[in-house]
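Single-letter residue listing:
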Amino acid sequence: MGTPEGAPKGNRRANEIGPTGRRVAENLANIRKARGWPMPRLREEMAALGRHLPATGVIKTESGERRVDVDDLVAFAVALNVSPLTLLLPDSWGEDKVWLAERRRVESRTAWLWGQGLTPAEDPPAAVEDESVETAQQRERDYYKTEEEFRALALPAEQRRAADHPANREAEGLARMVERLVQVSGVSIDGDSASVKRTLRAARLRLRKLEAELEQIEITAEELDDLSRPNR
């Protein structure tokens, strides 16, 4: 099997920068320029955070000649007032494919959801032409298992419990539906109006479910408040 088009080169040297390193270099340059900072300004901001770069440190980092360790990455993000994910991940959100590692390629949307601790670094199963129902169902079960394993450890315990609450699950699904609807708003949807209408109906249904879950949280909170009050 040949190497997929655009794939990172195989058999890299140990010190050679990979796909994420190259993306960090590109993102760093773009964000610095968007801030309107000359290179010396970024070097000064890094020094103020305790990360002293050599005189050519910024230019070599942006050109991909200098590797960025995790301490540098976080300091760059703090200095530029962005998330580390802004440096690590692609400047896109959609179906375009990006390399996370030498042998892992996913949609840019998946990359961001993974970075945010919401889904594994694996695209959800897509329909495959002429695929049997049994095979499709098995792929969905495999993905569900991977997703559950990811959710079990990807976030701090308190956040995991909150994320697993039915209200959060409904809100998450609703947000994704709204995202799709916003993406097609203002764009010609000839031939796809039925799909948009189905998504709208499903979003409204999720909204009603979310409202019901929030009402239950409110009731529970009121009950706990009553129990905590001293007897009169």
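Residues numbered from 1 in each chain as written. Predicted model: local features only at pLDDT ≥ 70, side-chain atom pairs only at ≥ 80, totals over all residues. Heavy atoms only, no water.

Draft legend 1. Representation of the side chain of Glu-147 within the structure. Within the secondary structure layout, Glu-147 lies in helix α7 (residues 133-153). Here Glu-147 sits buried without a salt bridge, and the closest side chain of opposite charge, Arg-151, lies 4.4 Å off (N-O distance). Ignoring anything within four residues of it in the chain, the contact list for Glu-147 reads Thr-119 and Pro-120. (Helix = DSSP H or I, 4+ residues; strand = E, 2+ residues; numbered from the N terminus. Buried < 20%, exposed > 50% of the residue type's maximum accessible area, 1.4 Å probe, protein only. Lys, Arg positive; Asp, Glu negative; His and termini not counted. Salt bridge = Lys/Arg side-chain N within 4 Å of Asp/Glu carboxyl O. Contact = heavy atoms within 4.5 Å.)

Draft legend 2. Region of interest: the nonpolar core. Ranked by size, the top nonpolar core spans 15 residues in total, and within it Leu-28, Leu-42, Met-46, Leu-53, Phe-76, Leu-80 and Leu-87 carry the most contacts. Only α1 (19-35), α2 (39-48) and α4 (70-80) provide two or more residues apiece to this core. Ranked by residue count, the leading element in this core is α4, at 6 residues. With residues up to four places along the chain from it excluded, the contact list for Leu-53 reads Arg-43, Met-46, Val-58, Arg-66, Asp-72 and Phe-76. Leu-89, Val-98, Val-106 and Ala-111 belong to the second largest nonpolar core, which has 8 residues in total. (Core = buried A, V, L, I, M, F, W, Y, C linked by side-chain atoms within 4.5 Å.)

Draft legend 3. Broad picture of empty space enclosed by the protein. If you walk through the whole model with that rule in mind, you get 1 cavity of 30 Å³ or more. Here the largest cavity is characterised by a volume of approximately 50 Å³. Lining the largest cavity, in full, are Gly-117, Leu-118, Arg-151, Ala-154, Leu-155, Arg-160, Ala-163 and Asp-164. Across the lining of the largest cavity, the residue classes break down as 4 nonpolar, 1 polar and 3 charged. (1 Å grid on protein atoms, 1.4 Å probe; cavity = no way out; pocket = protein on both sides within 12 Å on 5 of 7 lines; lining within 4 Å. Points joined across faces, edges and corners; volume = space filled by probe spheres on them. Nonpolar A, V, L, I, M, F, W, Y, C, P; charged D, E, K, R; others polar.)

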